[in-house]
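Residues per chain are reported as follows:
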Amino acid sequence: MVPNPFDLGGRIALVTGSNRGIGRALALGLGKAGARVVVNGRGAAQTAAAAAELAELGIEARAAVFDVTDPGAAAREIDRIEAEMGPIDILVNNAGMQQRAPIETFPLAALRQVMETNLMSAFYVSQPVIRHMVPRARGAIVNVCSVMSELGRPTIVPYTASKGGLKMMTRGLAAELGPKGIRVNGIAPGYFRTELNEALVEDPEFSGWLTKRTPMGRWGDVEELAGAAVFLASDAASFVTGQILYVDGGMTSAV
Ligand code: GCO
Ligand code: CA
């Protein structure tokens, strides 16, 4: 039987920030493709509940509760997953937050928190995972970037800078880890109905603008993101690295 290159059977996938929103949809999609999923979040109850939900669907899932902005906690939990569950073959750096304010008054503490949560966390989580992947000479990392990796919008400059940084981290890691058999890519969501965007979805003016600005004329649904992550995590993308796949209804391709 010819193996299905999109099949993630038996591979362990760690998805950060996956107890809700985009991360949860990505964890579900990877699980449906056969992966054994490690759900991550800061809240023990919410993360356990998200893992239990996947398990009810027949997906092998477990919770790893740690704050991705705490490098020590991340490294300890990653070592524990490797020891208790097995090799992490797939890492999805999804954890992220949004904060909107005019740059003149953007609180510096919030600026730091956005950069720590959206960009530095990818370093804190990737470094210990990469240390485990290198001796195996295999692995796939998918960074959840954004159309903001490419485009600016008023009031979200820290978020935009963090997502631009994540795009270039993706390319830098791809350059360094390609010879070591580890592929690093990104998916870049456009505008999706998530808790993070609730205020925008509820705003008729913003939603009106968005549907005109997006060639497909609508908000995305988070289930529409999983296919890109499964592809980049799988052998179907065995010669793909350093790429950012924009899942944005055409937004970054049109004025
Ligand atoms: C905003 C939104 C966007 C989306 C998304 C786009 O305020 O413009 O929050 O940043 O969250 O990241 O990909
Ligand atoms: Ca986003």
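- Per an unreviewed UniProt entry, the chain goes by the name Gluconate 5-dehydrogenase and belongs to Aureimonas pseudogalii.
- The Sequence similarities (unreviewed entry) comment attached to the chain in UniProt states, word for word, "Belongs to the short-chain dehydrogenases/reductases (SDR) family."

Focus on the environment of His132
And step 1. Relative to the helices and strands, His132 is located in helix H4 (residues 108-136).
And step 2. Given a relative accessible area of 23%, His132 falls into the partly exposed group.
And step 3. Spatially, the C-alpha atoms of His132 and Gly165 are 24 Å apart, while their sequence positions differ by 33 residues.
And step 4. In this structure the side chain of His132 is engaged in a polar contact, spanning 2.8 Å, whose partner is the side chain of Asp79.

Some details on the packing of H4 against helix H5 (residues 157-177)
And step 1. Look at H4 against H5: their axes get within 8 Å of each other, and the N-to-C directions meet at 15°. The angle between H4 and H5 falls in the class roughly parallel. As H4 packs across H5, the resulting crossing turns out to be right-handed. Residues Leu111, Val114, Met115, Asn118, Leu119, Ala122, Phe123, Ser126 and Ile130 of H4 touch H5, and the partners they reach there are Pro158, Tyr159, Ala161, Ser162, Lys163, Gly165, Leu166, Met169, Leu173 and Leu177.

Observations regarding the nonpolar core
And step 1. Ranked by internal contacts, the top residues of the largest apolar core, which has 31 residues, are Leu14 and Val125.
And step 2. Those elements that place two or more of their residues in this core are strand E1 (12-15), helix H3 (71-84), strand E4 (88-93), H4, H5 and strand E6 (182-189).
And step 3. Broken down by element, the residue count for this core peaks at six residues, all from H4.
And step 4. What Leu14 contacts, discounting residues up to four positions off in sequence, is Val38, Asn40, Ile78, Ile81, Ile88, Ile90, Leu91, Val92 and Val125.
And step 5. Membership of the second largest hydrophobic core comes to 30 residues, among which are Ala27, Ala35, Val37 and Leu232.

Comments concerning the site of ligand 1
And step 1. Near ligand 1 you find 14 residues, and of these Arg100, Arg153, Tyr159, Pro189 and Tyr191 are the closest.
And step 2. The separation between an oxygen atom of ligand 1 and a polar side-chain atom of Tyr159 is 2.6 Å.
And step 3. In the complex, 97% of the free accessible area of ligand 1, which totals 330 Å², lies under the protein chains.
And step 4. In a pocket analysis with a 2 Å cut-off to the grid points, ligand 1 is assigned to the largest pocket.
And step 5. Among the residues making up the shell around ligand 1, the classes are represented as eight nonpolar, four polar and two charged.

A closer look at the environment of Ala236
And step 1. Structurally, Ala236 is set in the loop between helix H8 (226-233) and strand E7 (244-247).
And step 2. Ala236 sits in the partly exposed class, given a relative accessible area of 26%.
And step 3. Along the backbone, Ala236 and Phe6 are 230 residues apart, and their C-alpha atoms lie at a distance of 5.5 Å.
And step 4. Discounting chain neighbours no more than four positions away, the residues touching Ala236 are Pro5, Phe6 and Phe231.

As for the pattern of salt bridges
And step 1. Within this structure, the stated rule accounts for 12 salt bridges.
And step 2. Here Arg20 makes a salt bridge to Glu195, at a shortest N to O gap of 3.2 Å. Taken together, the residues Arg20 in the loop between E1 and helix H1 (21-32) and Glu195 in the loop between E6 and helix H6 (198-201) connect sequence positions 175 residues apart.
And step 3. Two residues, Glu60 and Arg36, come together in a salt bridge whose shortest N-O distance is 3.0 Å. Separated by 24 residues along the polypeptide, Glu60 in the loop between helix H2 (44-56) and strand E3 (61-65) and Arg36 in strand E2 (residues 36-41) bring together distant segments of the chain.
And step 4. On the accessibility criterion, Glu60 (42% relative accessible area) is partly exposed.
And step 5. A relative accessible area of 21% means that Arg36 is categorised as partly exposed.
And step 6. Members of the salt-bridge network, linked through shared partners, are Arg62, Glu77, Arg80 and Glu84.

Topic: empty space enclosed by the protein
And step 1. Tallied over the entire structure, the rule returns one cavity of 30 Å³ or more.
And step 2. What the largest cavity holds in volume is close to 50 Å³.
And step 3. Residue lining of the largest cavity: Thr16, Val68, Asn93, Asn94, Ala95, Asn118, Ser121, Ala122, Val125, Val144 and Leu166, and that is the complete set.
And step 4. With four residues, the top contributor of residues to the lining of the largest cavity is H4.
And step 5. Classifying every residue of the lining of the largest cavity gives six nonpolar, five polar and no charged.

Remarks on the pairing of E6
And step 1. The buried fraction of E6 is high, at eight of eight residues.
And step 2. Residues Ile182, Val184, Gly186 and Ala188 of E6 are buried on one face, and the alternating residues Arg183, Asn185, Ile187 and Pro189, pointing to the opposite face, are buried as well.
And step 3. Bridge analysis of strand E5 (residues 139-144) against E6 gives six bridges, and the strand direction is parallel. Considered in E6, the bridge of Ala140 is made with Arg183.
And step 4. After leaving E5, the chain enters H5 and then returns to the sheet as E6, a path that is right-handed.
And step 5. The pairing of E6 with E7 spans four bridges and is classified as parallel. The residue of E7 that forms the bridge with Ala188 is Tyr246.

Analysis parameters
Residues numbered from 1 in each chain as written. Chains lettered and ligands numbered in written order. Predicted model: local features only at pLDDT ≥ 70, side-chain atom pairs only at ≥ 80, totals over all residues. Heavy atoms only, no water. UniProt positions renumbered as here; feature names shortened; annotations may be inferred. Helix = DSSP H or I, 4+ residues; strand = E, 2+ residues; numbered from the N terminus. Buried < 20%, exposed > 50% of the residue type's maximum accessible area, 1.4 Å probe, protein only. Polar contact = N/O pair within 3.5 Å; in protein donor to acceptor, adjacent residues only side chain to side chain. Axes fitted to C-alpha atoms, helices over the stretch in contact; angles between N-to-C directions. Parallel < 35°, antiparallel > 145°, perpendicular 65-115°, else oblique. Left-handed = near helix turned anticlockwise from the far one by under 90°. Contact = heavy atoms within 4.5 Å. Core = buried A, V, L, I, M, F, W, Y, C linked by side-chain atoms within 4.5 Å. Near = heavy atom within 4 Å. Areas by Shrake-Rupley, 256 points an atom, 1.4 Å probe, with all protein chains shown as cover. 1 Å grid on protein atoms, 1.4 Å probe; cavity = no way out; pocket = protein on both sides within 12 Å on 5 of 7 lines; lining within 4 Å. Sits in = over half its atoms within 2 Å of the grid points. Nonpolar A, V, L, I, M, F, W, Y, C, P; charged D, E, K, R; others polar. Salt bridge = Lys/Arg side-chain N within 4 Å of Asp/Glu carboxyl O. Points joined across faces, edges and corners; volume = space filled by probe spheres on them. Pairing = 2+ DSSP bridges. Right-handed = clockwise from strand over helix to strand, strands pointing away.

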